[in-house]
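Listed below are the residues making up each chain.
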Amino acid sequence: MPLFDLDFDAREEDAVLAVLRRRWLTMGDETRLFEEEFAAMLGQGAQCLAMSSCTAALHAAMHQLGLRPDDEVVVPALTFVADANVVAMCGGTPVLADCASPRDWNMNADTIARVLTPRTRAVVVVHYAGQPCHMEPIVALCRERGLVLVEDVAHAVGATLDGRQCGTFGDMACFSFFSNKNLSCGEGGMFVSRDSRRIEQARLFRSHGMTTLTLDRHKGRADSYDVLSPGLNCRITEMGAALGRVQLAKLAANNHRRRHLTDCYARALDSVPGLSRPWDSSDDTRQSSCHILPVLLPQGPDRAAVMAGMRGEGIQTSIHYPAPQSFTAYADQFRETPVAAGICARELTLPLFPSMTESMIHDVVGALRTHLLQQDAT
Ligand SMILES: *Cc1c(COP(=O)(O)O)cnc(C)c1O
């Protein structure tokens, strides 16, 4: 059983074939429609630019800050390394904020406030596993301290807080459509902002700083172009955008299914002694996108051995995430983040994808129970 499986069917196949037959492969109607449909889903006046990845969108966001070497950007201690990487790539210093508590794995306004200095320029929040952060106090803190707020929404496409979509709270937001995300294009991402100037800057970043697109010149709408600022090539393909549109149409139903499967897991996992889960009490104001199914193993059993045992039964598991302090590139650069350290050491991610069945969940939980007991006995 894989950790994740794509929900692709004839609709995705037809959409990609249609693009191939139209013989226009980049920055065409599919990309424009994907951006418009995604913006309509988000609401709140969000404007969208499809990118080659979430990392490219984060890079575009960080680039806009014009960071100098002493400038600091707060990123979560519990996240994918892309958040720290883009800060470092843009010449700034990433600073880690700890998780709120062993039950709330997101950072909150308190853990952010604790690491702010006069050199802090921005805050990047991640809605871990698809669970929305408590945004109101974070937005207020950033406003009060004059900090730019970026949402990394890679886990949380379609998640809502008080009915409002994640990705509409910050100054900028970045989504991922990597293969294993809730909305899959293989590679792809979305840069989002309600500020047209930020959108225009990201548009230049996406395509060499150029003022016109190949499509405009092809259609005779432009003869030449100017370059307004240095830029990169972070464009999505028309095939990717076409996949994104079909996947976007399936998103609400698939997220609903993920929430149902997560509830099934919650009941089944109650039978595993010593195991805990983040956010295991219901909260009507926050609707998670249930991107992954993280659990916290009891203290004692060897995680690697449990993972190997489950792999032996054909069940793939993973870790979200290793401690950032453990990475060679950042050796000795990060402060201690004790809550995240405890989570990084004992977190295990179980399979979760929309086509999973309840009996598959019982198999996973049964195997987990068996291998935890075996580890306890040794
Ligand atoms: C997957 C992921 C990214 C990177 O997304 P790509 O589209 O692969 O660049 C960034 N942040 C988080 C939290 C992620 O899970």
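Nothing here was measured: the structure is a model prediction, and the numbers come from that model. Counting from 1, residues in each chain are numbered in the order their sequence is written. Since the coordinates come from a predicted model, pLDDT governs what is reported: local features require at least 70, and pairs of side-chain atoms require 80 or more to be given and counted, while whole-chain, interface and lining totals use all residues. Only heavy atoms go into the side-chain values, all of them from the structure, while hydrogens and water stay out.

**Quick look at the overall build of the protein chain**
Now for step 1: Looking only at helices and strands, one finds 12 helices and 12 strands in the protein chain.
Now for step 2: The globule rule used here is 2.2 Å times the number of residues to the 0.38 power, and the radius of gyration it is set against is calculated over C-alpha atoms. Taking 378 residues into account, the globule formula puts the C-alpha radius of gyration at 21 Å, and the protein chain, at 21 Å, falls close to it.
Now for step 3: The principal-axis extent of the C-alpha atoms belonging to the protein chain is close to 75 × 55 × 40 Å.
Now for step 4: Of all 378 residues assigned to the protein chain, the portion counted as buried reaches 55%. Secondary structure elements are defined from DSSP: runs of H or I of at least 4 residues count as helices, runs of E of at least 2 residues count as strands, and each element is numbered from the N terminus. Partly exposed residues are those whose accessible area sits between 20% and 50% of the maximum for their type, while under 20% is buried and over 50% is exposed, using a 1.4 Å probe and protein chains only.

**Description of the side chain of Asn182**
Now for step 1: For Asn182, the location among the structural elements is in the loop between β8 (172-176) and β9 (189-193).
Now for step 2: A relative accessible area of 6% places Asn182 in the buried class.
Now for step 3: Within the structure, the side chain of Asn182 is placed 2.8 Å from the backbone oxygen of Ser289, a separation counted as a polar contact.
Now for step 4: Among residues more than four places away in sequence, those in contact with Asn182 are Val157, Gln247, Leu251, Asn255, Arg258, Ser289, Cys290 and His291. Here a polar contact is recorded for every N or O atom pair within 3.5 Å, except that within protein the pair must consist of a potential hydrogen donor and a potential acceptor, and residues adjacent in sequence are included only if both atoms are side-chain atoms. Residue contacts are counted whenever heavy atoms from the two residues lie within 4.5 Å of one another.

**Considerations on the pattern of salt bridges**
If charged atoms from side chains of opposite charge come close, those side chains can pair.
Now for step 1: In what follows, salt bridge is the name for a side-chain nitrogen of Lys or Arg lying within 4 Å of a carboxyl oxygen of Asp or Glu. Scanning the model with the defined rule gives 16 salt bridges in all.
Now for step 2: Between Asp71 and Arg121 there is a salt bridge whose closest N-O contact spans 2.9 Å. In this pair, Asp71 is assigned in the loop between α3 (54-63) and β2 (72-76) and Arg121 in strand β4 (residues 120-126), connecting sequence segments 50 residues apart.
Now for step 3: The exposure class of Arg121 is partly exposed, given its relative accessible area of 26%.
Now for step 4: The closest approach of N and O atoms between Arg203 and Glu200, which form a salt bridge, is 3.1 Å. Remark: Glu200 and Arg203 occur in helix α7 (residues 196-206); sequence separation between them is three residues, near one turn of the helix.
Now for step 5: Residue class for Glu200 comes out partly exposed when judged on its relative accessible area of 39%.
Now for step 6: Salt bridges here are not isolated pairs; linked through shared partners, they connect Asp7, Asp9, Arg11, Glu12 and Lys250.

**Points about the domain arrangement of the protein chain**
Now for step 1: Residue ranges labeled as domains rest on an automatic or database domain assignment. For the protein chain, the assigned domains read domain 1 (10-249) and domain 2 (252-377).
Now for step 2: For domain 1 and domain 2, the distance between their C-alpha centroids amounts to 26 Å.
Now for step 3: A 1.4 Å probe defines the accessible area here, and the buried area is the portion of it lost by two parts on being joined, summed over both. Summed over both partners, the interface of domain 1 with domain 2 buries about 3200 Å², with 57% contributed by carbon and sulfur atoms.
Now for step 4: Ranking the residues of domain 1 by area buried against domain 2 places Leu96, Trp105 and Asn182 at the top, with a combined share of 21%.
Now for step 5: Inspection of the region where domain 1 meets domain 2 yields zero salt bridges.
Now for step 6: Counting across the domain 1 and domain 2 interface gives 19 residue pairs in polar contact (both at pLDDT 80 or more).
Now for step 7: Residue assignment for the side of domain 1 that touches domain 2 shows that the elements contributing at least two residues are α4 (82-89), β3 (93-97) and β6 (160-161).
Now for step 8: The element best represented in the side of domain 1 that touches domain 2 is β3, accounting for four residues.
Now for step 9: Tallied by class, residues from the side of domain 1 that touches domain 2 come to 22 nonpolar, 12 polar and five charged. Note on residue categories: nonpolar means Ala, Val, Leu, Ile, Met, Phe, Trp, Tyr, Cys or Pro, charged means Asp, Glu, Lys or Arg, and polar means any other residue, Gly included.

**Notes on the pairing of β4**
Now for step 1: Among the seven residues that make up β4, six are buried, leaving the element largely enclosed by the rest of the structure.
Now for step 2: Between any two strands, pairing holds if DSSP finds at least two bridges. Here β2 pairs with β4 via three bridges, running parallel. What sits directly across from Val74, in β4, is Val123.

**Details of the site of the ligand**
Now for step 1: Inspection of the region around the ligand gives 13 residues, with Cys54, Thr55, Asp152, Ser176 and Lys181 positioned closest.
Now for step 2: Here an oxygen atom of the ligand sits 2.7 Å away from a polar atom, N or O, in the side chain of Ser176.
Now for step 3: Lys181 is positioned with one of its side-chain polar atoms (N or O) 3.2 Å from an oxygen atom of the ligand.
Now for step 4: With the chains in place, 92% of the 380 Å² that the ligand exposes on its own is no longer accessible. One heavy atom within 4 Å of a molecule or strand makes the whole residue count as near it. Here, Shrake-Rupley sampling with a 1.4 Å probe gives the accessible areas, and only protein chains in the shown set may cover a residue.

**Details of unusual backbone geometry**
If a residue is not glycine, its phi is most likely negative; likewise, a peptide bond is most likely trans.
Now for step 1: Residue Tyr321 is bonded to the preceding His320 through a cis peptide linkage, with omega at 10°.
Now for step 2: One non-glycine residue, Asp162, lies in positive phi territory at about 50°.
Now for step 3: One can find Asp162 in the loop between β6 and β7 (164-165).
Now for step 4: Phi at Asp332 is positive, roughly 65°, even though this residue is not glycine.
Now for step 5: Inspection of the secondary structure puts Asp332 in the loop between α10 (303-312) and α11 (338-346).

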